[in-house]
Amino acid sequence: MINNFFLVTTPIQQTWTKNSPILFLSEGCKRYSSKEKWENLDYQTVKYHWDDREKFYSDSCFLEELYEITLIRLANNLNDFHQTNYKTNYWRIIIGPWLSQFIEILFDRWQMINKAIFEFNISETTILKIDDYAMVPNNMRDFTNKCNNDIWNHYIYSEILKHIDSSIILNNALAIPHEDSVKIIKDPNIILPKIKQIIRLILFWITSKLKKRSKYFFISVFLSAIQQSKIEFSLKTFPSWFMERYEAIEIPCVEKRKNFINSEEASGEFEVFLYKIIQKQLPTAYLEGYKQLEVQVQNCRWPSLPKIIMTSGAHVSDDFFKVWAATKLNLGSKLVIAPHSSLYGSCRWLSYENHELKIADRYFSWGWSKDNINKLKLLSKSEFENTIN
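All values reported here derive from a predicted model rather than from experimental measurement. (Residues numbered from 1 in each chain as written. Predicted model: local features only at pLDDT ≥ 70, side-chain atom pairs only at ≥ 80, totals over all residues. Heavy atoms only, no water.)

### Side note on the nonpolar core
Right, on to step 1. Grouped together as the largest cluster of nonpolar side chains are 87 residues, with contacts concentrated most on Trp-98, Phe-102, Phe-321 and Trp-324.
Right, on to step 2. At 16 residues, the largest contribution of residues to this core is made by helix α3 (residues 88–119).
Right, on to step 3. If we skip the residues at most four places from it in the chain, Trp-98 touches Leu-74, Met-140, Phe-143, Ile-278, Gln-281, Leu-282, Pro-283 and Tyr-286.
Right, on to step 4. The next biggest cluster of nonpolar side chains, apart from the first, holds eight residues, and it includes Phe-218, Val-221, Ile-231 and Met-310. (Core = buried A, V, L, I, M, F, W, Y, C linked by side-chain atoms within 4.5 Å. Buried < 20%, exposed > 50% of the residue type's maximum accessible area, 1.4 Å probe, protein only. Helix = DSSP H or I, 4+ residues; strand = E, 2+ residues; numbered from the N terminus. Contact = heavy atoms within 4.5 Å.)

### Regarding the pairing of strand β8 (residues 334–337)
Walk down a regular strand and you will see the side chains alternate between the two sheet faces.
Right, on to step 1. One ladder, built from four bridges, connects strand β7 (residues 308–311) with β8; its direction is parallel. Opposite Met-310, over in β8, you have Val-336 as the bridge partner.
Right, on to step 2. Where β8 meets strand β9 (residues 362–365), two bridges bridge the pair, whose relative direction is parallel. Among the inter-strand pairings, Val-336 is bridged to a residue of β9, identified as Arg-362. (Pairing = 2+ DSSP bridges.)

### Brief notes about the pattern of salt bridges
Right, on to step 1. Summed over all chains, the structure comprises 17 salt bridges.
Right, on to step 2. Its salt-bridge partner being Asp-150, residue Arg-31 comes within 2.9 Å of it at the nearest N-O pair. One end of the pair, Arg-31, is in the loop between β2 (22–24) and α1 (35–38); the other, Asp-150, is in helix α5 (residues 150–163), and 119 residues separate them in sequence.
Right, on to step 3. With a relative accessible area of 17%, Asp-150 lands in the buried category.
Right, on to step 4. Two residues, Arg-92 and Glu-68, come together in a salt bridge whose shortest N-O distance is 2.9 Å. One end of the pair, Arg-92, is in helix α3; the other, Glu-68, is in helix α2 (residues 53–82), with 24 residues separating them in the sequence. (Salt bridge = Lys/Arg side-chain N within 4 Å of Asp/Glu carboxyl O.)

### Some details on the environment of Cys-300
Right, on to step 1. Within the secondary structure, Cys-300 sits in the loop between α10 (290–299) and β7.
Right, on to step 2. Distance in space between the C-alpha atoms of Cys-300 and Trp-324 is 9.1 Å, their sequence separation being 24 residues.

### Examining the packing of α3 against helix α4 (residues 140–147)
Right, on to step 1. In contact at an axis separation of 11 Å, α3 and α4 are set at 15° when each is read in the N-to-C sense. Relative to α4, the element α3 is oriented roughly parallel. With respect to the hand of their crossing, α3 and α4 are arranged in left-handed fashion. Listed contacts from α4 to Pro-97, Trp-98, Gln-101, Phe-102, Ile-105 and Arg-109 of α3 are Met-140, Phe-143 and Cys-147.
Right, on to step 2. In terms of residue class, the contact of α3 with α4 is built from seven nonpolar, one polar and one charged. (Axes fitted to C-alpha atoms, helices over the stretch in contact; angles between N-to-C directions. Parallel < 35°, antiparallel > 145°, perpendicular 65-115°, else oblique. Left-handed = near helix turned anticlockwise from the far one by under 90°. Nonpolar A, V, L, I, M, F, W, Y, C, P; charged D, E, K, R; others polar.)

### Remarks on helix α12 (residues 319–330)
Right, on to step 1. Along its 12 residues, α12 runs 17 Å from first to last C-alpha, staying within 8% of the 16 Å computed at 1.5 Å per residue.
Right, on to step 2. Counting buried positions along α12 gives 10 out of 12 residues, so the element sits mostly inside the fold.
Right, on to step 3. If you check which residues of α12 are buried, you get Asp-319, Phe-320, Phe-321, Lys-322, Val-323, Trp-324, Ala-325, Ala-326, Lys-328 and Leu-329.
Right, on to step 4. By the N-cap criterion, in which a side-chain oxygen at the helix start approaches the backbone nitrogen of a residue two or three places on, α12 is capped by Asp-318, the distance to Phe-320 being 3.1 Å.
Right, on to step 5. Once α12 ends, the next one or two residues include Gly-332, with phi positive near 115°. (Expected span 1.5 Å × (residues − 1). Polar contact = N/O pair within 3.5 Å; in protein donor to acceptor, adjacent residues only side chain to side chain.)

Below is the structure:
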């Protein structure tokens, strides 16, 4: 074992050194665009832990079980916090996509840090001083943006290193301002050309007037406007031209997050860390901003009680839709989902597929099936074409 490696967790060059052999935590640390900065360094790279596909599958099964346990605890805590009494499935629809992805990402980072410590003698690393609450996502879209950001990933790695009892020297350094770390996802309707904005507003106004009592609600189904309109006309309903809604930006409240989830209930060191970091990372849309989101849902001009809600994508990233849909499902509406990727049905394990099958009342596949899942409806190409023609 080579001694005195300096651990580098991300491509942020401010955290690198030229005075010691470098241990890159992943191939992602070595951006091709900055090849001249690292190709002549004395370095090694930690091999990716999920290159072992059997380990990946085994870990995936473990994470699915942990997700279910954590979801139930979070659902109870959110009910207590918001003084509500919703069933777990209500919160599954709203926080499920974030929670499953967050657990997977966190476990991946956790495993890589532990693998590096186990396989190499690491003497020190640099940790940037980052405000905990500057890293809190506002909503699911913001989380997706942040988890692909070097600053956010450096922050997560740093939190893991602080939590793990090791002999690694943690050198603190001031963080260079990074626009992506505080970037707010803007409503795409705002940045459309003015003429398109006006047209969309007119269509939205017409739709909201004609479809308030509609039995069918289509959003983000990834069909052309003509295809979707044909389907809706066949159902004797006016076509949907609903604009997606975007939540207001909320500031994380330290006091409200204190003791939100008790890590003493955890079993295992990773689960302890997971509960501690959830307290810091739970998107504000589910905590500080939830009541405002609930009011927006109550006052929105979408159908008041549709019989069928159909989507292929809004159930993942649109938190306004998720709260609206969860509310309508409690009142008797049915959720129909069609997969938005050919990856579905072809993987040994896929968390989004598992999530969607659990929340949907009817699920359209492109030809694959699963045992003992009656809600799964096979939809061949010819059947689909007959539907829209």
